[in-house]
Amino acid sequence: MVPDGAGGGVMRFDVLSSPIAGLDEALDVVGAFDRVLTDGLLRPQPAQAGALGELAAALAASPLSALVTEAVDKACAGTADEEHLLVLAAARTALLGAAHDALRGAVDEATGRSSAPSPATVPGEPHAPNLLAAARSWLADLARAGWRGLDHDLVSASAPVVSAMLPDPALRRLALLLDGFAGELAASCPGASLERVPARRWADLWSRAVLLTVPGTADAPAVENVTGRLLPLGVDLHEHATAAQAQVHAVLEPSDGSAPRLVRASVSAPKPDSVVGAGIWQLLRPHLSLLAALGEGRAMELTDMPLTAEGDLLWRDDRARPGVSADPFATARVVLPTVVAAPPAPLERHPVRLAEPVFLEGYTVREADGVPVFALAGHEVAVDTGRLPEAGPLTPKAVAASTACIGLLRWDAGAFVLQPLAVETAVKRQSVALHAGAWAGGTTDKAGVKAETAAAATVAVLSERAGKLLRK
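For clarity, every value in this text was computed on a predicted model and none was experimentally measured.

(A) Representation of helix 5 (residues 82-111). The terminal C-alpha atoms of helix 5 lie 43 Å apart, and with 30 residues this matches the ideal 44 Å at 1.5 Å per residue to within 8%. Of all 30 residues making up helix 5, 21 are buried, and the element is well covered by its neighbours. Sitting at the amino-terminal end of helix 5 is D81, which places a side-chain oxygen 3.1 Å from the backbone nitrogen of E83.

Shown next, in the form of structure tokens:
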């Protein structure tokens, strides 16, 4: 990032800190609807009817207006059927999609970046309509009972539907969502005793699941084969007690000379809860050669690599080979300002899904309420160091001492925040780059080597035990 008027990739903090017209109002309407789901739609109270009326008013100028008005009237009367609840889920999703688009528009304006238009979609053919109807029926029962009305009988009713869906690849996405959702709900039963209801999260999961019962919404995205040079920017590591995922953000320079494109490549793997820190890379590295190239600071040469319309590379190691050295900070300074961003899939248009790669420099750092803040020209953005993985050398201390940063711009708690992927900082008067994914391809760091050694031992023991069980 350089000051306004200095040329290059200008990052305008003033745009990010300016209010977006209608955003707060849209999110307030979504929050009110989420509270309706908390109490349930079996016997709507006046406050719930008022919140539903706000939803209808918010969609009054949209193509959904007539459908939403009818659905709201039925819901207020306590007679909403499954189709009406589907419309309410669509209305909520549309509002969050509009909020996402407004936020992404602000990011595009702040970075000077352009976004590719969304590809045309074609409705899919009906598939297993009986199973989709059964799933929608269970979701409708959840909405009528509300999160406060949860009990084990209601939640367990999803089990036969999930079991019937799992063997069918076309239904597996919805089946996994329902299975995970039901697991969360079961762990929270009875709902009446909950001290705190995760209203936004459960409403998100409910809405997504309801919409996935509509044929076509779970269809695989359009895919093209691309050839060119892949320049990594950084890796975002997600860790769960039983799984881990690495998502590499990169710039693709197509061989046909067209504009560079922002892309992602992801790999996931199950993991034992005893594998932590740098040991996680051992689980992920064998499935994505890009991680080794990232650790070595190299580009990758791609040949006919599948790429979805949403910018996700469907990685195949046989279509990639290591290329020349590539400095992510050189890529960020020179190429990132010229990239075209891929459009999100319709159901991914949600504020929480924003993760836009950006480059910043020339800022000062201060601390506010324990949170680092980057400041430039009188404007500020908070830095989310809580997302920094333990499986890398990038630390909050290094971020606080940095002079340049590659990061992901996100939206959290009503404001833009920056998640660092890499920083430049001074060590003994020398400029040093520290990357969150620096250990992805291996490390000589003492702590990293120790974690990898422990992980190797754990994986070997588990593999041996699994082999014994299979032989039996």
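Moving on from the coordinates now.
(B) Just the side chain of H350, in detail. Here H350 is to be found in the loop between strand 8 (340-341) and strand 9 (356-361). The contacts of H350, once residues within four sequence positions are left out, are L96, H100 and D204.

(C) Inspection of the confidence of the model for the protein at higher detail. Across the protein, the average pLDDT comes to 88, with 91% of residues at 70 or higher. Per-element confidence in the protein is highest for helix 10 (residues 199-212), whose mean pLDDT is 97, and lowest for helix 15 (residues 446-471), whose mean pLDDT is 66.

(D) Spotlight on the packing of helix 3 (residues 46-58) against helix 5. Packing of helix 3 against helix 5 leaves a shortest axis separation of 10 Å and a crossing angle of 60 degrees. One element, helix 3, and the other, helix 5, form an angle in the oblique class. Helix 5 is crossed by helix 3, and the crossing has left-handed handedness. Two secondary-structure elements touch here, helix 3 through L52, L55 and A58 and helix 5 through L88, A91, R92 and L95. Residues of the contact of helix 3 with helix 5, tallied by class, amount to six nonpolar, no polar and one charged.

(E) Focus on the pairing of strand 5 (residues 298-308). Note that strand 2 (residues 223-239) and strand 5 share seven bridges and pair antiparallel. Each residue of the ladder has a partner; that of L230, found in strand 5, is M300. As defined by bridge partners, strand 5 adjoins strand 7 (residues 320-325) across four bridges and the pair is classed as antiparallel. Among the inter-strand pairings, E301 is bridged to a residue of strand 7, identified as R321.

(F) Local environment of unusual backbone geometry. A cis amide bond, omega -5 degrees, links C189 with the succeeding residue P190. Along the chain, the position of P190 falls in the loop between helix 9 (172-187) and helix 10. Phi at A377 is positive, roughly 55 degrees, even though this residue is not glycine. Take A377: its relative accessible area is 70%, and that puts it in the exposed class.

(G) The environment of W206, seen in detail. Position of W206 among the secondary structure elements: in helix 10. The exposure class assigned to W206 is buried, which follows from its relative accessible area of 1%. When the C-alpha positions of W206 and P372 are compared, they lie 35 Å apart, and in sequence the two are 166 residues distant. A polar contact is formed between the side chain of W206 and the backbone oxygen of L139, at a distance of 2.9 Å.

(H) Local environment of helix 10. The first and last C-alpha atoms of helix 10 sit 20 Å apart over 14 residues, in line with the 20 Å expected at 1.5 Å per residue. The buried count for helix 10 comes to eleven of 14 residues, which makes it a mostly enclosed element. Taken residue by residue, helix 10 has A199, W202, A203, D204, L205, W206, S207, A209, V210, L211 and L212 as its buried positions. In this structure, the buried residues of helix 10 make contact with helix 2 (23-39), helix 5, helix 6 (129-145) and helix 9.

Calculation criteria
- Per-chain numbering applies: the sequence of each chain, read as written, is numbered from 1 onward.
- In keeping with the predicted nature of the model, local features appear solely for residues at pLDDT of at least 70, side-chain atom pairs appear and are counted solely at 80 or more, and the whole-chain, interface and lining totals rest on all residues.
- Each side-chain value is derived from all of the structure's non-hydrogen atoms; neither hydrogens nor water enter the calculation.
- Runs of H or I in DSSP of at least four residues are treated as helices and runs of E of at least two as strands, each being numbered from the N terminus.
- Expected span of a helix, by definition, is 1.5 Å for each gap between consecutive residues, and there is one gap fewer than residues.
- Only protein chains enter the accessibility calculation, which uses a 1.4 Å probe; a residue whose area is less than 20% of its type maximum is buried, one above 50% is exposed, and one in between is partly exposed.
- Polar contact is defined as a pair of N or O atoms within 3.5 Å, subject to the rule that within protein one atom must be able to donate a hydrogen and the other to accept it, and that residues adjacent in sequence are counted only when both atoms are side-chain atoms.
- Here, residues are in contact when the closest pair of their heavy atoms is within 4.5 Å.
- Per-residue confidence from the predictor is reported as pLDDT, which spans 0 to 100.
- The axes used here are C-alpha line fits, helices contributing only the stretch in contact, and every angle between their N-to-C directions lies in the interval 0 to 180 degrees.
- By the definition adopted for this analysis, an angle is roughly parallel if under 35 degrees, roughly antiparallel if over 145, roughly perpendicular if from 65 to 115, and oblique otherwise.
- We call a crossing left-handed when the near helix sits turned anticlockwise from the far one by less than a right angle, and right-handed when that turn is clockwise.
- Following the grouping adopted for this structure description, the nonpolar residues are Ala, Val, Leu, Ile, Met, Phe, Trp, Tyr, Cys and Pro, the charged ones are Asp, Glu, Lys and Arg, and the polar ones are all others, Gly among them.
- Here a strand pair is declared whenever DSSP counts at least two bridges between the two strands.

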